[in-house]
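# Working through the structure, step by step
Residue strings, one per chain:
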Amino acid sequence: MKLLFTAIFGFFILTVSGQQLNINGTVYDNQNIPLGGVNVVVQNTNLGAITDFDGNYEIQNVPEGSVVEFTYLGFKTVTRTVNSAGTLNVTMEEDAQALDQVVVVGYGTQKRKEITGAVAVLSSETIEELKPQRVEQALQGQVAGVQVTSGSGAPGSALNIRIRGIGTNGDSRPLILVDGNVIEDLSVLNPTDIESINVLKDATAGIYGVRAANGVILITTKSGRKNQPLSLALNTYTGFQNTTRKLPVLNATEYGLLVNESFANGGSQPPFTNVSGFGQGTDWQDEVFKTAAIGSIELSGDGGGENSRYSFSVSYLTQDGIVGGGEKSNFERKTARLNYNLDFLENFNVFTSAIYSDVEGRGILENTIGSVLYNAINNAPTFAVRDSNGEFTKAEGLGNEVINPVAQIENTFNRGRTRKIGGSVGLRYDFLDAFSAEARFQGNYSEVEGWFFSPIVDYGAGKVFNIERSAVGESLNTFKDYTFDAFVKYERSFNDAHNVKVTAGTSVFQTVGEFTGQTGFDIIDNDVANASIAQASDVIDNFPNGGNTFDARLLSYFARAQYDYKGKYLFSAVIRRDGSTKFGPRNKFGYFPSFSAGWVISDEAFMENTDWLDFLKLRASYGIIGNDRIADFGFVSLLNGEGVYVFNEELTFGRAQGRLPNPQIQWEEQETYNIGIDSRFFNSRMNFTVDYFNRRTNDLLVVAPVSGVLGASGPGGLPPVINAGSVENKGVELQLGWRDEINEDFKYNVSGNVTFIQNEVLFVQSDNGFIPGPIAFGVGQDQFISRMEAGQPLGYFFGLQTDGIFQNQDEIDAHALQEGAQPGDIRFVDTNGDGVINDEDRTNIGDAFPDLSFGLNLSFEYKNWDFNAYAFGSLGNDIVRNYERNQQLTNRQVTSLSRWTGPNTSNSFPRVTNAATLNTVFSDFYVEDGSFLRLQNLQVGYSLKDSWLEKLKLKQLRIYASAINLFTLTEYSGFDPTASNGNGLTAGIDQGFYPSAQQFLVGLNIRY
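The paragraphs below set out a description of the structure included in this document. (Residues numbered from 1 in each chain as written. Predicted model: local features only at pLDDT ≥ 70, side-chain atom pairs only at ≥ 80, totals over all residues. Heavy atoms only, no water.)

### Considering the overall build of the protein
What the protein contains, in helices and strands, is nine helices and 52 strands. Overall size of the protein, expressed as C-alpha extent along the three principal axes, is 115 × 70 × 65 Å. Out of the 1008 residues in the protein, the part that is buried amounts to 51%. Approximately 43,800 Å² of the protein is accessible, and the part contributed by carbon and sulfur atoms is 55%. Distance between charge centroids for the protein: 6 Å, based on 76 positive and 115 negative side chains. (Helix = DSSP H or I, 4+ residues; strand = E, 2+ residues; numbered from the N terminus. Buried < 20%, exposed > 50% of the residue type's maximum accessible area, 1.4 Å probe, protein only. Areas by Shrake-Rupley, 256 points an atom, 1.4 Å probe, with all protein chains shown as cover. Lys, Arg positive; Asp, Glu negative; His and termini not counted. Charge placed at Lys NZ, Arg CZ, Asp CG, Glu CD.)

Shown next, in the form of structure tokens:
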């Protein structure tokens, strides 16, 4: 028996030794850059190696079937099984959720584990998957508490970013920094240049001071790596765009019948004697919507030497508009970027960055009464585009604001161009072991050119858009800003337990600008080819009274102390003193403190045996941040108004007082509370974050309501800016993700976020208790749609509440007195119970704030295939339908076919009539639920196999197809439920939004 056992054991040893292999390969990161210094270990043996600078490794005498483990700091661990091929090439992914990940925060970095504030991180991988044309689109639905809405779907249009709601009815934009450089317009930045986006959502943003009141977005661009040869990448895509929706309006036959019925119900002679030959008529939306092209190409490179690293890129993007086509609506962006870091001494570092952009665009009139889409909806389908003589038809009888939209596009001539260069240079010096000093200088310079031509045109009798005298306008505006930051840091650990970081410094900011422009008239031959100031007569200066310059400055001092005990108990405190030229001498400076703390519960001894929990941290923050985003010099009186005087019976133009001064205006303050929990479970496959926040804006800076009788001052005058309100945003954010690897061929990631926000105005300083919004309902009505009032959401909709349709005279008689009501009219609610329907019955009939917003993300990889999809949406937000002209002969939507025609025929849509009724006053009949779910991106890609890449001498070659804005589920009847201008008092008012385009793209990613 013993002999038999010895024989079997010997045979086993010989068999195993006969299957030993020499394995080798190369390790790359997820951008196919070789990784040096990776630990490669054969599990359960003492065999191993470390990759060289080119990512190569080799291990001899490895038993077949062994498991090889690849580990590298900041990257996910990878395991592979040895097979007979003997070659194991591996791609390692950065662990975007690793606790040791370095996150950019104010004037420095922190490990994610040490962060005590509400900070969200978006990686370059996510941005590359989304393929956004603008940076803002990368945040859409990706970060809890960050709402990104489209102000317009026009090519190149900016998106509105709101962090944790709107706390002011003024400027609510967050502060945006690119490599520490302030950027106001994100169109200058190519999204593929971004390494990461960090969003500071709570009081910890206070380290950046006054401009951080609405949150901070920190963008870090790619900067290369040390000891890496030059690596080049080419990214390109092309595709086409369409509108996602056309509104269902009446065709010519339906229109003719309904108009005749409307006139008959109003006691008038029907205008159409025979509608049988009308047919479908003209679909004006088909005439203005176009299939539009889009394309992008970018070349980038990075690398580094022993003491340096660099990155650069050049890119070009062109996008035509889906309304009007490329000749009238287009966006072109050219960018160039360079980053360079050098450690020229062991303790001395210099870092520089520069961005240049050249942006050109053309556009059409949009989102207002009389815009192209407004006219496409309201123009009669019985009109042809052109008459029998080939001339554009005129929309006679349809109101003074409705014109032929095709003629409107044809007669639209404008273009704008913005050239901007921005850059920064910084020095860092480490000394005395624990100290470092850093200084940065940043600057931006931009020139904005504008040009328009308005030819003589007749759109019809009495049309407000008729032009009787041709005009050309040329403008050149220049903007410059400078920021200088200097600070000293102290960082030391005591007894391997107490860790202290102290930062103290100063920041100086100045922005200046000048507006210039001229308008000339009587262009030769009314021809666009002659449209220049040089060929115009009667040229006037657009700024005859001055007021065309601005100069605003900030001076700040700040200090921050951070402490942790064994990385388990965390504390941070910030104090900042900001001074702004926006306020008078007595209120110029403000002090703004913030505090935050954290407790890493999972590091406690009582949590040691909790196998399913990997990480658990509780954190809290509180702080006050100032806001000064108002017009310059509101505390003094300026002579920038228009003064007209009579001397010797002749008019003389001079200057007069402009905006009324208010020397008492002071800082608007954001007081913010936040408590949150970060956690990771099941070997970090699952992560969960929850935050509760309360953000209160006190001493709200608003433009004071002024009596229409007394006025503000003379021509060009404006009401004063005052501190007149308080607004509160509070809510809960939830973020949940799960990522796993089924085997080495298949891995997936699922994540989602949801934000609940409640907005309420707490106080308004006004004689009548409210501040009205700037937009009136319809045309010619003096009822403003929205208002700011205590106890209500900011900018809530104020109108009459409806209660169905009067079915007969008995219902009218039993109801409160509603003047002129007839069966088939809308029945309004007598909210105050006085027995009369009038303006006193107006009440809250909706608001633009969603009860919750959310985002959903799914991605997986199978072998060389990758797939990702993401969706976002909101629930509970309302939209005002303010794009219907409601004239006797304007077109209507098909919902009017379900109108009331007799008792019990409809209880939702009133009768049609050309007589005057209360049906067209502002009520909840014109307010709709704007809730939606949009599948924003669906992408499938294929990466070439390693064996083919070696033959082609490439590091990566990936082709993909992508569908953007594939579909939207909504009950809203307008063009786009995601569109909003983002202002507190005008959000949710749709006057014919330019819809976001649906895009179908094919692209290519190559890395050499």
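### Overview of the pattern of salt bridges
All told, the structure shown has 35 salt bridges when counted by the stated rule. Between Asp 976 and Arg 934 there is a salt bridge, with its nearest N and O atoms 3.0 Å apart. With Asp 976 in the loop between β50 (956-970) and β51 (989-990) and Arg 934 in strand β49 (residues 932-943), the pair connects residues that are 42 residues apart, well separated along the chain. Like Asp 976, the residue Arg 934 is buried in the burial classification. Taken together, the salt bridges that share partners define one network made up of Arg 428, Asp 430, Glu 438 and Arg 440. (Salt bridge = Lys/Arg side-chain N within 4 Å of Asp/Glu carboxyl O.)

### Section: the sheet that holds strand β44 (residues 843-844)
One open sheet accounts for four strands, arranged β39-β40-β41-β44; its pairing is antiparallel. Lying at the two open borders of the sheet, with one neighbouring strand each, are β39 (770-772) and β44. As paired elements, strand β40 (residues 786-789) and strand β41 (residues 796-799) share two bridges and run antiparallel to each other. Directly across from Arg 787, in β41, lies its bridge partner Tyr 796. (Pairing = 2+ DSSP bridges.)

### A closer look at the side chain of Thr 412
Inspection of the secondary structure assignment puts Thr 412 in the loop between α7 (405-410) and β22 (413-431). In contact with Thr 412, not counting residues within four places along its chain, are Lys 328, Gly 363 and Ile 364. (Contact = heavy atoms within 4.5 Å.)

### Let's talk about the nonpolar core
Membership of the largest hydrophobic core comes to 39 residues, with the highest contact counts inside it found for Val 288, Phe 289, Ile 322 and Val 323. Those elements that place two or more of their residues in this core are α4 (252-265), α5 (284-288), α6 (372-378) and α7. Top element by residues in this core is α6. It accounts for five residues. Filtering out sequence-adjacent residues up to four positions away, Phe 289 remains in contact with Thr 243, Arg 245, Lys 246, Ile 322, Val 323, Leu 373, Phe 975 and Pro 995. Formed by 24 residues, the second largest nonpolar core is a distinct cluster that contains Ala 120, Val 135, Val 143 and Val 146. (Core = buried A, V, L, I, M, F, W, Y, C linked by side-chain atoms within 4.5 Å.)

### Focus: the environment of Phe 854
Along the chain, Phe 854 falls in strand β45 (residues 852-862). The sequence separation of Phe 854 and Phe 746 amounts to 108 residues, and the corresponding C-alpha distance is 27 Å. Those residues within four positions of Phe 854 in sequence are excluded, and the remaining contacts are Asn 753, Val 754, Ala 871, Phe 872, Gly 873, Ser 874, Leu 875, Phe 932 and Leu 933.

### Section: the packing of aromatic side chains
Given two aromatic rings, their pairing is described by the distance between the two centres and the angle made by the two planes. Taken as a whole, this structure holds 36 aromatic pairs when the rule is applied. Here the aromatic rings of Phe 777 and Phe 922 are separated by 5.0 Å at their centres, their planes lie at 35 degrees, and the arrangement is tilted. Separated by 145 residues along the polypeptide, Phe 777 in the loop between β39 and β40 and Phe 922 in the loop between β47 (878-881) and β48 (927-929) bring together distant segments of the chain. For Phe 922, a relative accessible area of 1% translates into the label buried. The structure contains a cluster of three or more aromatic residues connected by ring pairs, namely Phe 344, Phe 348, Tyr 429, Phe 431, Phe 435 and Tyr 490. Above the plane of the ring of Phe 770 lies Arg 787, whose end atom (NZ or CZ) is 3.5 Å from the centre. Positioned above the aromatic ring of Phe 925, the side-chain terminus of Arg 881 is 5.5 Å from the ring centre. (Phe/Tyr/Trp six-rings, centres within 6.5 Å; stacked < 30°, edge-to-face > 60°. Lys NZ or Arg CZ within 6 Å of the ring centre and 35° of its normal.)

### Here's the deal with a negative patch on the surface
Together, Asp 782, Asp 834, Asp 839 and Glu 840 line one region of the surface with negative charge. On the secondary structure map, Asp 782 appears in the loop between β39 and β40. (Patch = residues over 30% accessible without salt bridge, like charges linked within 9 Å, V, L, I, M, F, W, Y side chains within 5 Å.)

### Details of unusual backbone geometry
Unlike most non-glycine residues, Asp 525 shows phi in positive territory, near 60 degrees. Within the secondary structure, Asp 525 is located in the loop between β25 (498-521) and β26 (537-541). Of note in this structure, Lys 953 is not a glycine but carries a positive phi near 60 degrees. The residue Lys 953 is located in the loop between α9 (946-952) and β50 in this model.

### Some points on the pairing of β40
Pairing between β39 and β40: three bridges, direction antiparallel. Bridging across to β40, Pro 772 finds its partner in Arg 787. The antiparallel pairing of β40 with β41 creates a hairpin that spans six residues between the two strands, and Gly 791 there sits at a positive phi of about 90 degrees.

### Comments concerning the sheet that holds strand β10 (residues 119-123)
Sheet architecture is open: five strands sit in the order β10-β15-β16-β13-β14, paired in mixed fashion. Whereas interior strands pair on both sides, the edge strands pair on one side only; in this sheet they are β10 and β14 (181-182). Here β10 pairs with strand β15 (residues 194-200) via five bridges, running antiparallel. Across the sheet, the residue bridging to Leu 122 is Ile 197, located in β15.

### A look at a nonpolar patch on the surface
A cluster of nonpolar side chains, namely Tyr 569, Trp 599, Phe 606, Leu 618, Ile 675, Ile 677 and Tyr 692, defines an oily patch on the protein surface of about 620 Å² accessible area. Among the secondary structure elements, Ile 677 is positioned in strand β33 (residues 668-681).

### What to know about the pairing of strand β12 (residues 159-163)
Burial analysis of β12 places five of its five residues in the buried class, the great majority of the element. A two-sided burial pattern is seen for β12, the buried positions comprising Leu 159, Ile 161 and Ile 163 on one face and Asn 160 and Arg 162 on the other. Note that strand β11 (residues 146-150) and β12 share five bridges and pair antiparallel. Paired with Val 148 across the strands is Ile 161, a residue of β12.

### A word on the side chain of Asp 564
On the secondary structure map, Asp 564 appears in strand β27 (residues 549-565). Only 2.7 Å separates the side chain of Asp 564 from the side chain of Asn 499, close enough to count as a polar contact. Of the polar contacts made by the side chain of Asp 564, one reaches the backbone nitrogen of Gly 567; its length is 2.8 Å. If we skip the residues at most four places from it in the chain, Asp 564 touches Ala 497, His 498, Asn 499, Tyr 569 and Leu 570. (Polar contact = N/O pair within 3.5 Å; in protein donor to acceptor, adjacent residues only side chain to side chain.)

### Re α4
For α4, with 14 residues, the first-to-last C-alpha span of 20 Å sits near the 20 Å given by 1.5 Å per residue. A distance of 3.2 Å separates the backbone nitrogen of Thr 253 from a side-chain oxygen at the start of α4, and that oxygen is part of Asn 251. Gly 267 lies just past α4 and shows a positive phi near 80 degrees. (Expected span 1.5 Å × (residues − 1).)

### Quick word on the environment of Pro 155
Mapped onto the fold, Pro 155 is located in the loop between β11 and β12. Pro 155 sits 206 residues away from Gly 361 along the chain, and the two C-alpha atoms are 8.2 Å apart. Non-local contacts of Pro 155, meaning those with residues more than four positions away in its chain, are made with Gln 319, Asp 320, Gly 321, Ser 329, Asn 330, Phe 331 and Tyr 994.

### Digging into the environment of Asn 44
Structurally, Asn 44 is set in the loop between β2 (39-42) and β3 (48-50). Exposure remark for Asn 44: the relative accessible area of 84% places this residue in the exposed category. The sequence separation of Asn 44 and Tyr 883 amounts to 839 residues, and the corresponding C-alpha distance is 72 Å.

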